Amino acid sequence: MSKIHVSYNQIHTMVKETVDSMHLNEDFQPDIMVAIGGGGFIPARILRTFLKKKNNKNISIQAIGLSLYEDLEIWKAAHKDDEPTTLEPEVIKTQWLNFDSSETSLIGRNILIVDEVDDTRRTLAYAVRELTKDLEIESEKLRAQGKEVPETKIGIFVLHNKLKEKREQLPDEIMNGRYFACKQMPDQWLVYPWDALDIEDHTEKSRDNTY
């Protein structure tokens, strides 16, 4: 599989163009971002530059950590004595939001989950599913107190969406108007600048991009 090197400048440009072309500030109007570490951290920070401030404050960026146990050889070795199964490696939480802090309350917000790439879609689907569960728990607490629960919306922002069969799907309400991908592309190996050992060499290789 061929490698595609993507530079910081290219990412900066594609994020700005996507915010403008997909009308993020006018339509979805995110007021908080949840970055999936570590690939979503830098895209979220760049994205914040182009999002409108809320109450004269920059859009807050919260962080979550998810790990997909993807090394099938290691996974198979660890499960060699198990009964035959169709199970696959699972996504696990390594860092999550603290709902006990008022500063991270997500109820009634327009939440934008940010990651670098939508590949198999397992990590993104897991993040949406778990976040939705937590939001429902918090909503039930408010209802029990007799309080009105404002609508909470979840959206997805990625630099690249690989056009391939996905292992999982996202809810229709996200895919129909709340899914923002800077570029749609074939299933190719992406190399991001934050993974580069030699940034000058990486940037030079990025000039060959034709995708």
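Small disclaimer: the values here were computed from a predicted structure and weren't measured.

**Things to note about unusual backbone geometry**
- For the bond from G37 to G38, the omega torsion is -5°, close enough to zero to count as cis.
- Relative to the helices and strands, G38 is located in the loop between β2 (32-37) and α3 (41-50).
- Its identity is not glycine, yet N56 carries a phi of approximately 65°, on the positive side.
- With respect to the helices and strands, the residue N56 is situated in the loop between α3 and β3 (60-68).
- When its relative accessible area of 75% is taken as the criterion, N56 is described as exposed.
- Even without glycine at this site, R121 takes up a positive phi of about 75°.
- With respect to the helices and strands, the residue R121 is situated in the loop between β5 (110-118) and α5 (122-144).
- Judged by relative accessible area, which is 7%, R121 ranks as buried.

**A short note on the sheet that holds strand β4 (residues 91-95)**
- Read from one edge to the other, the open sheet built from six strands follows the order β4-β3-β2-β5-β6-β7, with strand pairing classed as mixed. Of all strands in the sheet, those with a lone pairing partner are β4 and β7 (179-185), marking the two edges. Going across the sheet, the axis of each strand differs from the next one's by a mean of 25°, ignoring polarity.
- As defined by bridge partners, β5 adjoins strand β6 (residues 153-162) across eight bridges and the pair is classed as parallel. In the strand pairing of β6, N110 is matched with K153.
- Packing against the sheet, helix α1 (residues 8-21) makes contact with β6 and β7, and its axis sits at approximately 135° to β6.

**Thoughts on the pairing of β3**
- As paired strands, β2 and β3 are joined by six bridges and run parallel to one another. Directly across from V34, in β3, lies its bridge partner Q62.
- Pairing of β3 with β4, which is carried by four bridges, proceeds in the antiparallel orientation. Looking across to β4, one finds that G65 is bridged to Q95.

**Some details on the environment of K166**
- Looking at the element boundaries, K166 is found in the loop between β6 and α6 (172-175).
- Note on K166: relative accessible area 12%, which makes it buried.
- Sequence spacing of K166 and D119 is 47 residues, and the spatial spacing of their C-alpha atoms is 7.3 Å.
- Not counting residues within four places of it along the chain, the set of residues in contact with K166 comprises D118, D119, T120, R121 and N161.
- Separated by 2.9 Å, the side chain of K166 and the backbone oxygen of D118 make a polar contact.

**Remarks on the pattern of salt bridges**
- Throughout the structure, instances matching the rule amount to 17 salt bridges.
- The partner of E130 in a salt bridge is K93, and the shortest N-O contact between them spans 3.3 Å. A residue pair is termed long-range when its members are at least 10 positions apart, and E130 in helix α5 and K93 in strand β4 qualify at 37 residues.
- For D118, the salt bridge goes to R121, with nearest N and O atoms at 2.8 Å. For the pair shown, D118 and R121 are each scored as buried.
- Salt bridges sharing common partners tie together D119, K162, K164 and D187.

**Some remarks on the layout of surface pockets**
- In this structure, the second largest pocket occupies an estimated 250 Å³ of space.
- If you go around the second largest pocket, you meet 16 residues; those closest to its centre are T132, L135, T152, K153 and I154.
- Residue assignment for the lining of the second largest pocket shows that the elements contributing at least two residues are α5, β6 and α6.
- The element that contributes the greatest number of residues to the lining of the second largest pocket is α5, accounting for six residues.
- Residues belonging to the lining of the second largest pocket are distributed by class as follows: seven nonpolar, three polar and six charged.

Thresholds applied
Residues numbered from 1 in each chain as written. Predicted model: local features only at pLDDT ≥ 70, side-chain atom pairs only at ≥ 80, totals over all residues. Heavy atoms only, no water. Helix = DSSP H or I, 4+ residues; strand = E, 2+ residues; numbered from the N terminus. Buried < 20%, exposed > 50% of the residue type's maximum accessible area, 1.4 Å probe, protein only. Pairing = 2+ DSSP bridges. Axes fitted to C-alpha atoms, helices over the stretch in contact; angles between N-to-C directions. Contact = heavy atoms within 4.5 Å. Polar contact = N/O pair within 3.5 Å; in protein donor to acceptor, adjacent residues only side chain to side chain. Salt bridge = Lys/Arg side-chain N within 4 Å of Asp/Glu carboxyl O. 1 Å grid on protein atoms, 1.4 Å probe; cavity = no way out; pocket = protein on both sides within 12 Å on 5 of 7 lines; lining within 4 Å. Points joined across faces, edges and corners; volume = space filled by probe spheres on them. Nonpolar A, V, L, I, M, F, W, Y, C, P; charged D, E, K, R; others polar.

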